[in-house]
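Architecture and fold: a report
The primary structure of each chain is shown beneath.
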Amino acid sequence: MLDFLPKQLFLFDPLSLFFLFVIFIVSLPSAIYSLGYLKKEYSSFKIILSWFLLVIFVLSMVAVVTVGNVLLFLVAWETMSLVSYFLVVFDTTHEKSIRAGAIYIIMTHIGTAFLVAAFMIMYKYAHSFDFIAIKNVCLVMPVLTKNIVFLLLLAGFGTKAGIVPLHIWLPYAHPQAPSHISSIMSGVMIKTAIYGIIRFVIFLLGVNSTWWGVLILILALITCLVGVIYALMERDIKRLLAYSSVENIGIILLGVGLAMLLMAMKMPYLAVFSLIAGLYHLVNHAIFKGLLFLCAGSVYKATGTRDIEKLGGLIKKMPQSAVYFLIGSMAISALPPLNGFVSEWLTLQAFFHGALNSTGGTKLFLGICAAMLALTGGLAAACFVKAFGMVFLGLPRSHYVQSAKEAPFSMNSGMFFLSFLAVVFGIAVGFIIKLLAKVAAGVMNIDISSMSFSLTNLILTPRIGLTAVGVGKSIYLSTPMLALVLAAMGLVGFVLYKLFGKGKLIIYKIWDCGYYKLDSRNEYTGTAFSKPFRIAFSFFLLPYRKTQKIRESFYHIKSFAYETHTTPVFKKYIYEPLVALVLKSAKFMRRIQPGSIHLYLAYIFCTLLLLIIFMDKF
Amino acid sequence: MKIILILLQLIFFIVLAPFLSGLVAKLKNSFRMRRGQSVFQPYYNLMKLFSKGEVVSQTASWIFKVTPFIVISSTLTVALLVPVFILSSPLYCMSDFLAIIFIFALGRFFLALAALDTGSSFGGMGASREMFISSLVEPALCLVVFSISMQFGSTNIFVFSGMHAVSVSSIVAAIALFLVVIAETSRIPVDNQETHLELTMVHEAMALEYSGRSLALIEMAAHIKQMIWFFLIAQIIFPIAVLSSINLTGLFFWGLWYLARIFIIVITVALVEVLVAKMRLFRVADFLGFVFVLGAIATVCAILGV
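If you're wondering where the values come from, they're calculated on a predicted model, not measured in any experiment.

Here we look at the overall build of chain A
The helix and strand tally for chain A stands at 23 helices and three strands. For 618 residues, the compact-globule estimate of 2.2 N^0.38 gives 25 Å, and the C-alpha radius of gyration of chain A, at 27 Å, lies within 12% of that figure. Once the C-alpha set of chain A is aligned to its principal axes, its extents read approximately 95 × 70 × 50 Å. A total of 618 residues make up chain A; the buried ones form 53% of that total.

Some remarks on the overall build of chain B
Looking only at helices and strands, chain B features ten helices and one strand. When the elements of chain B are put in sequence order from the N terminus, they spell out α-α-β-α-α-α-α-α-α-α-α. Over its C-alpha trace chain B gives a radius of gyration of 19 Å, about what one expects of a compact globule, namely 19 Å for 306 residues. Once the C-alpha set of chain B is aligned to its principal axes, its extents read approximately 60 × 45 × 40 Å. Counting across all 306 residues of chain B, residues that qualify as buried make up 58%. In chain B, of all internal contacts separated by at least 6 residues, the share reaching a separation of at least 24 is 79%.

Some thoughts on helix α6 (residues 168–184) of chain B
Here α6 of chain B contains 17 residues, and its C-alpha end-to-end distance of 24 Å stays within 8% of the 24 Å for a straight helix at 1.5 Å per residue. A large share of α6 of chain B lies buried, amounting to 14 of its 17 residues.

Let's talk about the interface of chain B and chain A
By a widely used convention, the size of an interface equals the accessible area lost when the partners come together. Counting from both sides, the interface comprises 70 residues of chain B and, opposite them, 71 residues of chain A. Of all the elements in the fold, those that place two or more residues in the side of chain B that touches chain A are β1 (54–57), α3 (62–81), α4 (97–117), α5 (121–152), α8 (212–237) and α10 (281–304) of chain B. Residue contributions to the side of chain B that touches chain A peak at 17 residues, all from α5 of chain B. Its residues assigned to classes, the side of chain B that touches chain A shows 39 nonpolar, 23 polar and eight charged. Here strand β1 (residues 505–508) of chain A runs beside β1 of chain B; their pairing, made up of four bridges, is parallel. What sits directly across from Tyr 508 of chain A, in β1 of chain B, is Ser 57 of chain B.

Focus: the domain arrangement of chain A
Once the domains are mapped, chain A shows domain 1 (1–162), domain 2 (207–499) and domain 3 (539–618). Taking the mean C-alpha position of each, domain 1 of chain A and domain 3 of chain A sit 28 Å from one another.

What about the packing of α3 of chain B against α8 of chain B?
All names here are of chain B. Contact geometry for α3 and α8: axes closest at 9 Å, N-to-C directions at 20°. Taken together, the axis directions place α3 and α8 in an arrangement best described as roughly parallel. For the pair α3 and α8, the crossing hand works out as left-handed. Side by side, α3 and α8 meet where Pro 68, Val 71, Ile 72, Thr 75, Leu 76, Val 78 and Ala 79 of the first sit next to Ser 214, Leu 217, Ile 218, Met 220, Ala 221, Ile 224, Lys 225 and Ile 228 of the second. Looking at the contact of α3 with α8 residue by residue, the classes come out as twelve nonpolar, two polar and one charged.

Some thoughts on unusual backbone geometry
All names here are of chain A. With an omega of 0°, the peptide bond between Pro 336 and Pro 337 qualifies as cis. Looking at where Pro 337 falls in the secondary structure, it is placed in the loop between α13 (319–332) and α14 (339–357). Located in the positive-phi region is Leu 542, a residue other than glycine, with phi close to 45°. Here Leu 542 shows up in the loop between α21 (538–541) and β2 (544–551). Here Leu 542 falls in the partly exposed class, since 15 other C-beta atoms lie within 10 Å of it.

Regarding the packing of helix α9 (residues 210–233) of chain A against helix α10 (residues 237–264) of chain A
Residues and elements named next belong to chain A. Relative to each other, α9 and α10 sit at 160°, their axes nearing to 7 Å. In terms of orientation, α9 lies roughly antiparallel with respect to α10. When the axes of α9 and α10 are compared, the crossing they make is left-handed. The residue makeup of the contact of α9 with α10, split by class, is 22 nonpolar, seven polar and one charged.

Re the nonpolar core
One finds Ile 276, Ala 370 and Ala 440 of chain A together with Val 144, Ala 176, Val 180 and Ile 233 of chain B to be the most contacted residues of the largest nonpolar core, which totals 324 residues. Among the elements that take part in this core, helix α11 (residues 268–303) of chain A stands out by supplying 23 residues, more than any other. Residue contributions to this core reach at least three from each of two domains, namely domain 1 (1–162) and domain 2 (207–499) of chain A. Those residues in contact with Val 144 of chain B, other than ones at most four positions away along the chain, are Ala 173, Ala 176, Leu 177, Val 180, Gly 295 and Ala 298 of chain B.

Regarding the environment of Trp 212 of chain A
Residue and element names in this part refer to chain A. Tracing the backbone shows Trp 212 in helix α9. Expressed as a C-alpha distance, the spacing of Trp 212 and Ala 126, which sit 86 residues apart in the sequence, is 22 Å. For Trp 212, the residues in contact, after removing those within four places along its chain, are Phe 150, Val 207, Met 260 and Ala 264.

Thoughts on helix α1 (residues 2–31) of chain B
Residue and element names in this part refer to chain B. With 30 residues, α1 should cover 44 Å at 1.5 Å per step; its first-to-last C-alpha distance of 42 Å lies within 8% of that length. The axis of α1 is deflected most strongly, by about 30°, at Leu 16, and proline Pro 18 appears within four residues downstream. Inspection of α1 places Gln 9, Phe 13, Ala 17, Pro 18, Leu 20, Ser 21, Gly 22, Val 24, Ala 25, Lys 26 and Leu 27 among the buried residues, and these make up the whole buried set. Here the buried face of α1 lies against α2 (41–50), α3, α8 and α9 (248–275). One or two positions beyond α1, positive phi appears at Met 33, with a value near 65°.

A word on the environment of Leu 87 of chain A
You can see Leu 87 of chain A is positioned in helix α3 (residues 70–88). With residues up to four places along the chain from it excluded, the contact list for Leu 87 of chain A reads Leu 53, Phe 57, Ala 177 and Ile 181 of chain A.

Concerning the environment of Ser 21 of chain B
Residue and element names in this part refer to chain B. The residue Ser 21 is located in helix α1 in this model. Taking the C-alpha atoms as reference, Ser 21 lies 8.7 Å from Val 266; in sequence the two are 245 residues apart. Not counting residues up to four positions away in its chain, the partners in contact with Ser 21 are Pro 42, His 223 and Gln 226.

What to know about the confidence of the model for chain A
Residues and elements named next belong to chain A. Summarising the model, chain A shows a mean pLDDT of 89, and 94% of its residues fall at 70 or more. Mean pLDDT across the secondary structure elements of chain A bottoms out at helix α17 (residues 429–444), with 86, and peaks at α13, with 96. Across residues 454–472 the pLDDT falls below 50, and counting only partners more than four positions away or on other chains, this stretch makes 56 contacts in the model.

Definitions and cut-offs
- Residues numbered from 1 in each chain as written.
- Chains lettered and ligands numbered in written order.
- Predicted model: local features only at pLDDT ≥ 70, side-chain atom pairs only at ≥ 80, totals over all residues.
- Helix = DSSP H or I, 4+ residues; strand = E, 2+ residues; numbered from the N terminus.
- Rg over C-alpha atoms; globule rule 2.2 N^0.38 Å.
- Buried ≥ 20, exposed ≤ 12 C-beta atoms within 10 Å, placed from the backbone.
- Contact = placed C-beta atoms within 7 Å.
- Expected span 1.5 Å × (residues − 1).
- Nonpolar A, V, L, I, M, F, W, Y, C, P; charged D, E, K, R; others polar.
- Pairing = 2+ DSSP bridges.
- Domains from an automatic or database assignment.
- Axes fitted to C-alpha atoms, helices over the stretch in contact; angles between N-to-C directions.
- Parallel < 35°, antiparallel > 145°, perpendicular 65-115°, else oblique.
- Left-handed = near helix turned anticlockwise from the far one by under 90°.
- Core = buried A, V, L, I, M, F, W, Y, C linked by C-beta atoms within 7 Å.
- Bend = angle between axes of the 7 residues up to and from the residue.
- pLDDT = per-residue confidence, 0-100.

Okay, structure coming up:
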């Protein structure tokens with residue numbers, strides 16, 4: 001009778017431990033950061049409340065990645081969603097927060113509905129909610145059911161992860177929470193959805209149709225590109241970071257989707273390799289996105305604005321935060337020798353080796369996937385040149401910057417910790433890959449002992465050789481060596497610099513073309529910076545611009561008004577019609593609710609009757 | 001031994017790179033029936049800049065000051081990874097074609113930041129355009145690398161550094177790579193090195209606020225970057241065998257061919273610069289789209305095995 005009760009409460013396999021690790025490396029510095037961040041910003045009651053919520057939030061995420069039972073998973077999942085909702089609306093004074101919270105809670109529950117449906121179907125076959133029981137029964141599940149469950153899971157977890165077009169809540173909710181919470185939400189919470197996909201689709205369901213991987217790859221590509229293009233257009237620093245999270249989820253899913261495709265194509269070793277790439281990017285994104293959100297929070301606290309067009313020149317007022325933001329930007333732009341470079345390179349290599357060992361059209365498809373990943377990388381670099389350049393470099397663009405001060409020690413130590421990790425994860429590659437290989441192999445149930453990973457701390461040589469399909473060539477990359485060479489070559493540059501005499505260094509104002517003083521109004525703005533991209537991607541962004549000359553007389557133009565914005569395509573063409581439809585049908589449904597008690601009694605009677613017939617029939 | 005090789009290769013690139021730029025300029029002028037500057041003009045320029053003092057903007061921070069070193073460091077690092085001497089490089093195990101794209105990106109990222117650092121609007125303009133062009137170059141370049149590497153089974157440059165059969169795929173890939181190089185080395189029709197007109201300049205606008213020794217480093221990095229790309233294209237389209245017999249005539253002809261193939265590329269670059277007009281910035285997107293399609297064609301050819 002009570003067979004739905006859990007027999008297996010927890011599951012601590014390498015995958016769970018890996019995600020636990022990710023949760024802690026971001027939550028810990030964020031918590032330390034919040035010591036300084038919350039002070040003076042909120043009342044003491046609110047500070048206590050925020051700590052309380054933070055603890056539940058982190059614990060619920062811990063539960064999500066460690067429970068071994070679907071029912072408990074749902075409970076943890078819902079707790080996580082609800083607590084994060086309260087954190088999104090934490091700044092109750094802002095009207096924006098309430099709205100962002102509403103969008104978030106609706107979207108996240110739509111996602112949960114899909115999950116519940118998927119879990120019900122699983123239960124119908126397994127008669128148990130335990131992971132192990134479900135895993136066993138999934139081996140004999142009919143293909144059609146399996147496909148349906150996969151699609152439901154993808155929609156459910158996709159909403160949480162922010163896969164386009166289900167990403168709509170992410171750029172509203174993430175920036176609205178206090179910064180240390182944004183950091184945890186973007187760094188970790190959306191990763192729990194990736195955990196869900198890996199745990200339920202790869203581990204429990206088992207991949208055996210190629211189209212699953214292809215579907216995820218296509219969705220991931222769209223997610224990457226849409227995320228980064230919107231990030232480039234954004235002028236709110238935290239929303240920019242949120243869109244960039246959408247992009248990075250896409251990159252992670254490229255690794256995961258490729259792993260699924262290769263697994264279905266019976267190339268287990270390569271599948272393990274690409275899952276390693278995906279997981280590596282996952283932990284990297286947790287590190288640098290957590291870092292960047294913390295830095296954005298410092299900027300916001302110091303200046304009181306998140307609009308990058310009003311910032312500038314902060315590198316002189318906040319030198320430490322600037323260094324941390326620079327490290328984060330370099331990591332996210334995949335520059336060597338930091339961590340983002342390693343995982344993006346691994347993902348590209350996974351695509352290359354996948355293409356090498358597959359045939360015909362798949363080769364071209366994987367090649368184009370890799371090219372699109374490269375495009376994403378290029379656009380992300382542009383995006384973060386803009387973000388760092390507009391916020392920290394040049395002249396201050398408004399009075400907001402005048403009173404800015406460096407963040408206190410507690411905030412800086414949180415950021416320092418994450419910057420340090422960004423460097424460590426770029427250098428200690430061999431060691432980390434070895435650990436990730438264990439995680440990936442555990443999930444896919446592949447024996448990797450025959451896979452010769454000759455990893456030293458210095459040179460990374462994952463030999464993919466002797467896969468099921470043929471002999472591949474080993475690939476090499478040694479980031480410590482690369483860092484060393486880069487430093488040495490910098491030194492060569494320095495020697496060249498010093499070799500020829502010693503010319504004088506003069507500090508002088510910028511060349512102003514013979515006009516008088518140039519001020520910050522002559523500087524390039526973020527909107528101007530992203531203009532080439534706005535025009536090149538105008539087919540998608542549908543930019544709107546209006547110029548207006550305000551004349552004093554026919555000859556004299558007093559001022560000039562310029563307005564430009566891009567069309568939020570998904571909101572306008574998908575969500576707004578959808579909301580309108582819901583409202584319309586609600587209006588229609590109101591007719592059957594006139595308030596008469598007799599009618600309601602009749603409804604109850606009819607329902608009972610139907611239920612009795614239903615019970616009898618089935 | 002390894003250290004000597006490293007030093008040799010460094011000196012080779014630092015010493016010869018300005019010569020190639022001078023050669024292109026000289027050839028361009030010859031095609032235009034002008035006398036033109038001396039082939040050694042880039043050396044004179046560098047000497048002059050190195051011995052001069054520099055002016056730094058008041059607005060600039062430490063980013064502006066470290067950027068020349070980072071730019072030259074990323075370029076020289078790639079220079080060490082490229083096969084030049086006896087078709088080997090001291091760091092051959094890391095000569096990954098994909099990694100090279102990222103290493104170049106490091107220098108570009110900082111140059112763009114330095115351009116924004118000065119607070120000059122020219123810098124912002126240059127940074128914006130450079131990041132725009134480079135982000136469109138990357139997918140095309142990636143696809144080209146894929147098509148080339150797919151024939152040899154690895155993205156390491158050394159797998160195709162020996163003698164190999166030239167296929168249709170590698171010719172198409174080399175053409176695509178050539179177009180990429182035009183964009184990467186800021187040449188006509190994508191950019192124009194000769195002008196400082198604010199409407200057209202891209203790379204020059206980023207380096208506009210630099211002067212003296214810092215400018216010398218950045219210019220030298222540009223020369224070296226160009227030389228690296230020339231050597232890579234040469235190796236793909238005109239593969240050369242490792243010198244087997246050590247007799248004098250053999251060495252002579254081998255050396256002649258070794259240099260001639262670089263010269264062929266230099267002539268082509270100069271011809272393109274003379275014959276083609278500079279494109280508008282937004283036409284560059286179409287141009288690079290075309291390169292992307294070429295890359296896709298090269299990949300298809302590689303799949304078909306031709």
